[in-house]
Amino acid sequence: ARLEHPPKTQTRVLLKVRVQEGDVVEHLWLENIRRSGEDFSGEIGNEPLSLVSVKLGDRIEVPLERVSDWAVVDAGRLVGGTTLRLLRARASPSERAAMDEEQGFIVD
């Protein structure tokens, strides 16, 4: 619903998806999301660590079953983003401050 009918205060929609090359699996964030039936496409929003077939900014398409998380920024606040919240909770205070500054939204 937030993808197809976003509120005026919503500024970003992100999907975290599983990407696999052989035995190597990474979960990457996609931005500029489009939906086509049960599939989603988007631009890779974070630099892959070990994957070589995709890079930051590439547009890829994935089926719904490869979506592992979602996040929305609405009125400057994070909605969803379970994995972002977990990483932030596990971070040291200085790492958390750096994450908050880099991401540019409030995590309640």
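Keep in mind that what you see is a predicted model, and the values were worked out from it rather than measured.

Trainee: Looking at this structure, I do not really get the overall build of the protein chain. What am I missing?
Mentor: Counting its regular elements, the protein chain contains two helices and six strands. N-terminal to C-terminal, the α/β element order of the protein chain is β-β-β-β-β-β-α-α. Its C-alpha radius of gyration of 14 Å places the protein chain within 12% of the 13 Å reference for a compact globule of 108 residues. The dimensions of the protein chain, computed from C-alpha atoms along their principal axes, are 35 × 35 × 20 Å. When burial is assessed residue by residue, the protein chain has 31% of its 108 residues classed as buried. Residue pairs in contact within the protein chain that sit at least 24 positions apart in sequence constitute 42% of those at least 6 positions apart. Of the accessible surface of the protein chain, which amounts to about 6,800 Å², a share of 52% is contributed by carbon and sulfur atoms.

Trainee: Can you help me understand the pattern of salt bridges in this one?
Mentor: Counted according to the given criterion, the structure contains eight salt bridges. A salt bridge links Arg2 to Asp74; its shortest N-O distance comes to 2.8 Å. Of the two residues, Arg2 sits in the segment before strand 1 (10-21) while Asp74 sits in strand 5 (residues 67-74), which places them 72 residues apart along the sequence. Within the structure, one salt-bridge network assembled from shared partners comprises Glu4, Arg35 and Glu38.

About the thresholds
Residues numbered from 1 in each chain as written. Predicted model: local features only at pLDDT ≥ 70, side-chain atom pairs only at ≥ 80, totals over all residues. Heavy atoms only, no water. Helix = DSSP H or I, 4+ residues; strand = E, 2+ residues; numbered from the N terminus. Rg over C-alpha atoms; globule rule 2.2 N^0.38 Å. Buried < 20%, exposed > 50% of the residue type's maximum accessible area, 1.4 Å probe, protein only. Contact = heavy atoms within 4.5 Å. Areas by Shrake-Rupley, 256 points an atom, 1.4 Å probe, with all protein chains shown as cover. Salt bridge = Lys/Arg side-chain N within 4 Å of Asp/Glu carboxyl O.

Shape is all these values report; function is a separate question.
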